[in-house]
Amino acid sequence: MASQPLFSTLPPTIEWRDGDLLLLDQTRLPHEIVVENIADVKAVWRAIRELRVRGAPAIGVAAAYGLCIAMRDSTTLPVALYRAELERHANWLEAARPTAVNLSWGVRRMLRHARDIDAKDSATLHAALVEEAKRIHDEDRALCEGIGEHGMPLIREGIGVLTHCNAGALATTGIGTATAPIYAARRAGLAFKVYADETRPLLQGARLTAFELQQAGVDVTLIMDSAAASIMSQGLVDLVIVGTDRVAANGDFANKIGTLGLAIAANHYGIPFYVACPSSTLDLQTASGSRIEIEERDAEEITHLAGRRIAPDAMQARNPAFDVTPHALVSGFITERGIVRAPFERSLRTLFDAEGTAA
Ligand code: MRU
């Protein structure tokens with residue numbers, strides 16, 4: 001399957017090349033294209049923590065390859081020791097960011113695979129793990145395509161679509177999740193307009209979504225987060241599609257801070273509000289959104305702008321990176337297996353089992 005076909009000018013978000021892990025540094029975009037060759041597991045942890053690789057699906061793929069990097073010099077260990085080391089690195093890597101379930105999903109899947117392999121030596125076990133990471137990577141691209149196929153009918157000629165943060169190609173290894181229906185509709189030749197929220201404080205909308213949509217020739221307009229409700233009130237938005245970091249069993253979901261406000265505004269104006277969600281982002285073992293851990297990041301991300309302090313010295317600040325939107329505000333989840341509608345508890349369980357795989 002072609003990788004990120006709309007972005008011939010950009011290196012892939014994540015690349016596994018002859019045993020090396022290459023990550024496109026998303027903190028430098030859009031003005032610098034820097035690819036980092038990840039030296040060791042600490043560098044993987046830092047790349048995830050510092051958002052050089054970010055977006056729930058991309059984090060999951062990076063973590064799977066990250067474990068291969070962590071273990072690449074351990075292939076001469078006795079198998080039991082290799083397994084113990086793998087588990088230790090997995091537990092540590094999993095804690096790099098708490099909200100996106102894809103991180104623990106990717107790590108746990110690698111551990112499960114290691115447990116299922118009856119290897120006589122560590123080199124064999126390691127080779128099997130690399131193959132599993134490649135499978136996770138390939139599947140991620142396919143999940144994006146599935147979301148694009150099922151979400152495309154929501155986009156009609158001439159409409160306005162609003163999205164938040166970056167749930168795009170850069171957040172995945174394919175055509176994105178929230179952007180997948182947009183790219184699919186664009187490929188089909190439809191003309192429509194996209195509004196991209198800038199997404200304070202780290203500006204994933206301005207730096208990443210606006211950039212990748214523009215590169216792909218989509219008609220995209222950047223707006224401030226605080227302009228979204230006003231743009232909706234003017235009748236310019238017919239559809240909202242956002243991504244997600246974790247969907248609980250009842251359909252409550254976590255996504256980039258500001259999503260909740262968008263959902264409330266969309267509901268107020270009667271605008272359909274959809275969440276693009278690959279099965280790797282389902283957490284059906286968590287009953288509801290109140291149980292989702294929300295990452296709180298350094299206050300400096302909001303007291304400073306481009307390295308310069310903008311708030312008064314010693315200012316108290318809160319910086320939750322995500323919020324939880326209750327399922328009642330969701331029109332549907334666009335998954336790779338189709339659009340899931342309320343009652344979500346039942347419809348999600350019908351399509352997916354507790355591990356998030358096809359039921
Ligand atoms: O902090 P980030 O940039 O990792 O947050 C990303 C988001 O909130 C995305 O919307 C979400 O991960 C879905 S990406 C397909």
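Residues numbered from 1 in each chain as written. Predicted model: local features only at pLDDT ≥ 70, side-chain atom pairs only at ≥ 80, totals over all residues. Heavy atoms only, no water.

**Describing the overall build of the chain**
- Within the chain one finds 11 helices and 16 strands.
- Computed over its C-alpha atoms, the radius of gyration of the chain comes to 20 Å, within 12% of the 21 Å expected for a compact globule of 359 residues.
- On the principal axes, the C-alpha backbone points of the chain span a range of 65 × 50 × 40 Å.
- Each of the 359 residues in the chain was classed as buried or not, and the buried ones make up 56%.
- The long-range share in the chain, meaning contacts at least 24 apart out of those at least 6 apart in sequence, stands at 74%.
- Counting only carbon and sulfur atoms, one obtains 52% of the accessible surface of the chain, whose full area is about 14700 Å².
- Positive and negative side-chain charges of the chain, numbering 36 and 44 respectively, have mean locations separated by a distance of 1 Å. (Helix = DSSP H or I, 4+ residues; strand = E, 2+ residues; numbered from the N terminus. Rg over C-alpha atoms; globule rule 2.2 N^0.38 Å. Buried < 20%, exposed > 50% of the residue type's maximum accessible area, 1.4 Å probe, protein only. Contact = heavy atoms within 4.5 Å. Areas by Shrake-Rupley, 256 points an atom, 1.4 Å probe, with all protein chains shown as cover. Lys, Arg positive; Asp, Glu negative; His and termini not counted. Charge placed at Lys NZ, Arg CZ, Asp CG, Glu CD.)

**Points about the sheet that holds strand S9 (residues 253–256)**
- Reading across the sheet, the 4 strands line up as S11-S8-S9-S14 and stay open at both edges, with mixed pairing between neighbours. For this open sheet the edge positions go to strand S11 (282–283) and strand S14 (322–325), each flanked by a neighbour on one side alone.
- By the bridge criterion, 2 bridges tie strand S8 (residues 246–248) to S11 in an arrangement that is parallel. Bridge pairing in S11 links Val247 to Leu282.
- In the packing of helix H9 (residues 259–268) onto the sheet, contacts are made with S9 and S14, and the angle to S14 comes to roughly 35°. (Pairing = 2+ DSSP bridges. Axes fitted to C-alpha atoms, helices over the stretch in contact; angles between N-to-C directions.)

**Thoughts on the UniProt feature "site: Transition state stabilizer" (unreviewed entry) in the chain**
- With numbering aligned to this structure, UniProt lists the feature "site: Transition state stabilizer" (unreviewed entry) at Cys165.
- Position of Cys165 relative to the elements: it lies in the loop between strand S4 (160–163) and helix H6 (180–187).
- If sequence neighbours within four positions are ignored, Cys165 has contacts with Arg54, Asp197, Thr199, Gln204, Gly205, Thr209 and Lys256. (UniProt positions renumbered as here; feature names shortened; annotations may be inferred.)

**Regarding the nonpolar core**
- If you look at the biggest cluster of nonpolar residues, it comprises 43 residues, and the most contacted ones within it are Ile14, Leu21, Leu23, Ile48, Val53 and Met110.
- Elements supplying a minimum of two residues to this core: strand S1 (14–17), strand S2 (20–24), helix H1 (41–49), helix H2 (56–71), helix H3 (79–94), helix H4 (101–116) and helix H5 (122–151).
- Top element by residues in this core is H2. It accounts for 13 residues.
- Setting aside its immediate chain neighbours within four residues, Leu21 contacts Ile14, Glu15, Trp16, Glu36, Asn37, Ile38, Val44, Ala62, Tyr65, Gly66 and Ile69.
- Residues Met232, Val237, Val247 and Ala265 belong to the second largest nonpolar core, which totals 30 residues. (Core = buried A, V, L, I, M, F, W, Y, C linked by side-chain atoms within 4.5 Å.)

**Overview of the UniProt feature "active site" (unreviewed entry) in the chain**
- Taking the numbering used here, the UniProt-annotated feature "active site" (unreviewed entry) corresponds to Asp245.
- Position of Asp245 among the secondary structure elements: in the loop between strand S7 (239–242) and S8.
- In this structure Asp245 comes out as buried when scored by relative accessible area, which is 8%.

**Description of the packing of H1 against H2**
- Axis separation between H1 and H2 bottoms out at 8 Å; the angle between their running directions is 165°. On the basis of the axis angle, H1 is roughly antiparallel to H2. Both H1 and H2 take part in a crossing whose hand is left-handed. Contact with H1, carried on its side by Val41, Val44 and Ile48, involves Ile59, Ala62, Ala63, Gly66, Ile69 and Ala70 of H2 and no other residues of that element. (Parallel < 35°, antiparallel > 145°, perpendicular 65-115°, else oblique. Left-handed = near helix turned anticlockwise from the far one by under 90°.)

**A short note on the environment of Pro201**
- Position of Pro201 among the secondary structure elements: in the loop between strand S5 (193–197) and helix H7 (204–215).
- Each C-alpha atom of the pair Pro201 and Gly66 lies 27 Å from the other, and the pair is 135 residues apart in sequence.
- Aside from chain neighbours lying at most four places away, what touches Pro201 is Glu301, Ile302 and Asn319.

**Re unusual backbone geometry**
- Residue Pro30 is bonded to the preceding Leu29 through a cis peptide linkage, with omega at 5°.
- Inspection of the secondary structure puts Pro30 in the loop between S2 and strand S3 (35–37).
- Note the cis peptide between Ala342 and Pro343, where omega equals 0°.
- Of note, Pro343 is situated in the loop between strand S16 (338–340) and helix H11 (344–351).
- At Leu51, a position not held by glycine, the phi torsion is positive, near 70°.

**Examining the pattern of salt bridges**
- Summed over the entire model, instances satisfying the criterion amount to 23 salt bridges.
- In this structure, the salt-bridge partner of Asp25 is Arg28, at a minimum N-O distance of 3.9 Å.
- Classification of Arg28 as partly exposed rests on a relative accessible area of 34%.
- With a shortest N-O distance of 2.9 Å, Asp138 and Arg141 are connected by a salt bridge. Of the two residues, Asp138 and Arg141 are both situated in helix H5; the distance of 3 residues between them amounts to about one turn of the helix. (Salt bridge = Lys/Arg side-chain N within 4 Å of Asp/Glu carboxyl O.)

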